[in-house]
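# Working through the structure, step by step
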Amino acid sequence: MNLFLVIILVILVGTYLLDLIVDTLDVRHANTDLPEEFIGYYNEEKYKKSQEYLKENTRFGIIRDTIFTPAIVAFILFGGFNVVDQFARGFNLGAIPTGMIFAAMLIFASQILLIPFSIYDTFIIEEKYGFNKTTPKTFILDILKSWLLIAVIGGIVFSIVLWFFEKAGPWAWLYCWITVTLFQIFLMFIAPVVIMPFFNKFIPLKEGALRSSIEAYGGSQNFKMKGVFTMDGSKRSTKSNAFFTGFGRFRRIVLFDTLIEKHTVEELVSVLAHEMGHYKERHIFKSMAISILTTGLMFYILSLFINNRELFAAFKMEEASIYASLFFFGFLYTPIEMILSIFGKLLSRKYEYDADGYSVKTYKKPDSMIEALKKLSVENLSNLTPHPLKVFISYSHPPVIKRIQAIRMICS
Ligand SMILES: [Zn+2]
């Protein structure tokens, strides 16, 4: 049996089993009484509901993976990639257009298969727990818009990478790295003004008590008010959030309209101060630098596997090509990607503690910050007691109780 095929099957089945184990542990771990910290914020019935929400979401994820993993394995074993490849080659175009057809067909097929799951998630689960506000029209438009983005951005990146690997010889990985990085920086820069308004409306924060409080706080931190926006999150869900995005002139702190609705001015300024903490401590810049380094690593490793005959044999391909190498490499790269992602999440959780620290040190209202965190997790029915392994692997934010404890430590 082909060694690459064995490795890839082990990776596919291994990740499936790992997810299954971690999710099962996580659900079991949530079977607890209401943590003391949240007494008065949840009644018994609502807390039960939050635990049900976790169970239902987890079960849904497991069902989806249980359908997709065997489907992908079967597709590989029965030579599905070769069928698609032969079809794409049937047009008798050059390597790059053929690669684009090959990629488009695979990506389009997987996107289509995901739609029923997305419908169930939005209109059954989210609806049942009172979160869903998405209309069928918004839902369909979102899909079409995201496809357009995948086609444009993915098409540009894929063709650049193909072109370099076709033409540039042994240093192609380096040229790919430099070009893709420049493109990525450009996208990060323009996303808040070009891409995000595609999906949501962003309005500069209106005059009023909130705005003047933010101005007063922002003034003390040398932050210009024009960077604060509200977003119509209520278009899709009642869940609330806030985030920081972009660089330079286009940087923005965004507060969901659903957040503003449910929180006091002091809680909102605390949240905004947290987001400002991400900016002042240069978290976005640092994450970006790390992502650039890992992209370089990925292109280098990719270059070692381009046109590897054994790899093509594993996928039952009749003809080798650079474009198919990119897809097959993706399977091999999964474990490395997972390890890098675990480090990334670890760093992200550290940044969250730092941003909370920034908020309570500069705005000096730890009680408002804690209140905001508690209300946010109740509104969003977040899991209060995730399993440590689940946190370690996939949480970008620390569990809320840990954040509250950390804030109390700073202020004691
Ligand atoms: Zn944060």
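Residues numbered from 1 in each chain as written. Predicted model: local features only at pLDDT ≥ 70, side-chain atom pairs only at ≥ 80, totals over all residues. Heavy atoms only, no water.

### Quick word on the pairing of strand S3 (residues 242-245)
With 4 bridges joining them, S3 and strand S4 (residues 252-256) adopt antiparallel strand pairing. In the sheet register, Phe244 faces S4, and the bridge partner there is Ile253. (Pairing = 2+ DSSP bridges. Helix = DSSP H or I, 4+ residues; strand = E, 2+ residues; numbered from the N terminus.)

### Some points on empty space enclosed by the protein
Within this structure, the stated rule accounts for 2 cavities of 30 Å³ or more. Of the voids in this model, the largest cavity is the one considered here, and its volume is about 40 Å³. In terms of lining residues, the largest cavity is bounded by Ala30, Tyr47, Ser50, Gln51, Leu54, Leu381, Ser382, Asn383, Leu384 and Thr385. Here the residues of the lining of the largest cavity sort into 5 nonpolar, 5 polar and no charged. (1 Å grid on protein atoms, 1.4 Å probe; cavity = no way out; pocket = protein on both sides within 12 Å on 5 of 7 lines; lining within 4 Å. Points joined across faces, edges and corners; volume = space filled by probe spheres on them. Nonpolar A, V, L, I, M, F, W, Y, C, P; charged D, E, K, R; others polar.)

### What to know about the pairing of strand S2 (residues 228-231)
Going residue by residue along S2, you find Val228 and Thr230 tucked away on one face and Phe229 and Met231 tucked away on the opposite face as well. In terms of strand pairing, strand S1 (residues 202-204) meets S2 through 3 bridges, oriented antiparallel. Paired with Ile203 across the bridge in S2 is Thr230. (Buried < 20%, exposed > 50% of the residue type's maximum accessible area, 1.4 Å probe, protein only.)

### With respect to helix H9 (residues 265-280)
Here H9 contains 16 residues, and its C-alpha end-to-end distance of 22 Å stays within 8% of the 22 Å for a straight helix at 1.5 Å per residue. Of all 16 residues that make up H9, 12 are buried, and the element is covered over most of its length. Residues of H9 that are buried: Glu267, Leu268, Val269, Ser270, Val271, Leu272, Ala273, His274, Glu275, Met276, Gly277 and His278. Looking one or two residues past H9, Arg282 carries a phi angle of roughly 60°, positive in sign. (Expected span 1.5 Å × (residues − 1).)

### Comments concerning the sheet that holds S2
Here we have 4 strands laid out as an open sheet, ordered S1-S2-S4-S3, and mixed in their pairing. The sheet is open, and its two edges are formed by S1 and S3, each paired on a single side. On average, each strand axis in the sheet is inclined to that of its neighbour by 30°, with strand direction left out of account. (Axes fitted to C-alpha atoms, helices over the stretch in contact; angles between N-to-C directions.)

### So, the coordination of the zinc ion
In the first shell of the zinc ion, the protein supplies His274 (NE2), His278 (NE2), Glu352 (OE) and Glu352 (OE), at 2.1 to 2.7 Å from the metal. Counting gaps between the donor residues of the zinc ion yields the pattern H-x3-H-x73-E. Of the two residues, His274 and His278 are both situated in helix H9; the distance of 4 residues between them amounts to about one turn of the helix. (Donors = N, O, S within 2.8 Å, 3.2 Å for Na, K, Ca; no water.)

### What to know about the pattern of salt bridges
A complete count under the given rule lists 15 salt bridges for this structure. In this structure, the salt-bridge partner of Glu266 is Lys365, at a minimum N-O distance of 3.9 Å. Pair noted here: Glu266 is in helix H9 and Lys365 is in the loop between helix H12 (322-362) and helix H13 (366-379), with a separation of 99 residues, a long-range link. Owing to a relative accessible area of 37%, Glu266 belongs among the partly exposed residues under this scheme. The exposure class assigned to Lys365 is partly exposed, which follows from its relative accessible area of 28%. Each of Glu37, Lys374 and Arg408 takes part in one network of salt bridges that share partners. (Salt bridge = Lys/Arg side-chain N within 4 Å of Asp/Glu carboxyl O.)

### Some points on the packing of aromatic side chains
By the definition in use, this model includes 35 aromatic pairs. For the ring pair Phe102 and Tyr323, a centre distance of 5.1 Å and an interplane angle of 50° mean the geometry is tilted. Here Phe102 is found in helix H4 (residues 95-128), whereas its partner Tyr323 is found in helix H12, with 221 residues between them in sequence. One aromatic cluster is present, formed by Phe75, Phe81, Phe312, Phe315, Phe328 and Phe331 through successive ring pairs. Over the face of the ring belonging to Tyr363 we find Lys365, whose NZ or CZ atom lies 5.2 Å from the ring centre. (Phe/Tyr/Trp six-rings, centres within 6.5 Å; stacked < 30°, edge-to-face > 60°. Lys NZ or Arg CZ within 6 Å of the ring centre and 35° of its normal.)

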